Amino acid sequence: MSETIVDVKNLTKQYGQQMALDGVSFQIKKGSIVGLIGPNGAGKTTIMKIMGGLAFPTGGELEMYGATDEKGLNHARTRMSFMIETPYEKEKMTARENLEKQRLQKGIPDKNRIDEVLKIVNLQNTGKKIVKNFSLGMRQRLGLANALMGKPEFMVLDEPINGLDPEGIVEIRELFRKLNREENITMVISSHILSELSLLCTDYIFINHGKIKGVFTADELKQACSEFYRINTDNNEKASAILLQHFGIERIETMEDGSLRIYDGLEKMHEISKALYENGIIPVELSKNEVNLEDYYMKMVRE
């Protein structure tokens, strides 16, 4: 079994009367890329700040690399790096000058590490170009270079592809894959761009209103985001009863527009269509679809 490097148990965080986190529990395995998914205000950044020591929980337990006490957690954080909210940078300095400043502040003795991380994030040829003249994608890569300076085993990244153009998103995605595959870095990534997370992550944590709505591996989520048939008739209530009585189909979901989604018996659509006609029901729509990550996310948010 994979090593558990983060174990969150019944974590709560309260700001005055507001419960930002309400009994949050999940685990992060070594070598995984975890997508932390939820709308604004769901609690994603609060979780990341608690992991980074920038905020403290009201209750529950945070365990990282086997440590739960303050001293042990602080030591565990030396094996981690965090890019939460806006990456730190000096706009009138070059990429190299920014990293040299960070190297000194972090007490990293190896000067060659700057060249290593600049090459990893493909900023080695920026020369004397100051950060003020960097594109947003270049700034994000500089933030990642800074996070990589200490050779972390685990990275926590808050909205790292937010605002990037399609080319920049692809660059960052490939960089994450490289870091995970070649540097064996475990990652937690918060993002609103769910289509990108679906191409990258091995695991997913859904959160809304401070509560965990679901924790899935990529395979489990793929199964949950299954194929379905959308059925719309002149009498959907009667159609739903026929699907249950004649075919034993129980996974029937009534959508906001009144149409039906069925997830079972997909191989019987010819027989289903025939049965509807024979019972005086006229199908207006009968189409095969697939639930994607965005659909599943929106469903969980509504619930």
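Keep in mind that this is a model prediction, so the values were computed, not measured.

Definitions and limits used
Residues numbered from 1 in each chain as written. Predicted model: local features only at pLDDT ≥ 70, side-chain atom pairs only at ≥ 80, totals over all residues. Heavy atoms only, no water. Buried < 20%, exposed > 50% of the residue type's maximum accessible area, 1.4 Å probe, protein only. Helix = DSSP H or I, 4+ residues; strand = E, 2+ residues; numbered from the N terminus. Arc of directions from axis to C-beta. Contact = heavy atoms within 4.5 Å. Lys, Arg positive; Asp, Glu negative; His and termini not counted. Salt bridge = Lys/Arg side-chain N within 4 Å of Asp/Glu carboxyl O. Polar contact = N/O pair within 3.5 Å; in protein donor to acceptor, adjacent residues only side chain to side chain. Pairing = 2+ DSSP bridges. Axes fitted to C-alpha atoms, helices over the stretch in contact; angles between N-to-C directions. Core = buried A, V, L, I, M, F, W, Y, C linked by side-chain atoms within 4.5 Å.

Participant: How should helix 10 (residues 269–278) be read in this particular structure?
Facilitator: Working note: α-helix, 3.6 residues per turn, so residues spaced by three or four point in the same direction. Met 269, Ile 272, Ser 273, Ala 275 and Leu 276 are the residues of helix 10 that are buried. All buried residues of helix 10 fall inside an arc of 160° around its axis, so they share one side. More than 90 degrees from the buried face of helix 10, the exposed residues found are His 270, Tyr 277 and Glu 278. Residues of helix 10 that are buried sit in contact with strand 10 (227–233), helix 9 (236–247), strand 12 (260–262) and strand 13 (283–290). Gly 280 sits one or two residues past helix 10 and shows a positive phi near 75°.

Participant: Even after reading the chapter, I still don't get the side chain of Lys 13, so can you show me in this structure?
Facilitator: By the element assignment, Lys 13 lies in strand 1 (residues 4–15). No salt bridge is formed by the buried Lys 13. Its closest oppositely charged neighbour is Glu 70, at 13 Å. Separated by 2.7 Å, the side chain of Lys 13 and the backbone oxygen of Phe 56 make a polar contact. Not counting residues up to four positions away in its chain, the partners in contact with Lys 13 are Gln 18, Met 19, Ala 20, Leu 21, Thr 46, Ile 50, Phe 56, Pro 57 and Thr 58.

Participant: What should I look at first to understand the sheet that holds strand 5 (residues 80–83) in this one?
Facilitator: Sheet strands pair by backbone hydrogen bonding; their relative direction is either parallel or antiparallel. Taken in spatial order, the six strands of this open sheet run 5-6-7-3-8-9, and their pairing is mixed. Edge positions in the sheet fall to strand 5 and strand 9 (211–217), since each has one partner strand and no second. Taken over all neighbouring pairs, the strand axes of this sheet differ in orientation by 15° on average, direction set aside. Pairing of strand 8 (residues 203–208) with strand 9, which is carried by six bridges, proceeds in the antiparallel orientation. Within strand 9, the residue paired with Asp 203 across the bridge is Thr 217. Against the sheet, helix 1 (residues 44–52) contacts strand 3 (33–37), strand 5, strand 6 (154–158), strand 7 (186–190) and strand 8, and its axis sits at roughly 145° relative to strand 6.

Participant: Help me out: how do you make sense of the nonpolar core in this one?
Facilitator: One broad trend across soluble globular proteins is that nonpolar side chains are buried collectively. By size, the foremost hydrophobic cluster in this structure holds 49 residues, and its most contacted members are Leu 144, Met 155, Met 187 and Phe 206. Looking at this core element by element, the count peaks at six residues for helix 5 (residues 136–148). Counting 28 residues, the second-largest nonpolar core is a separate cluster that includes Val 6, Leu 73, Phe 154 and Ile 207.

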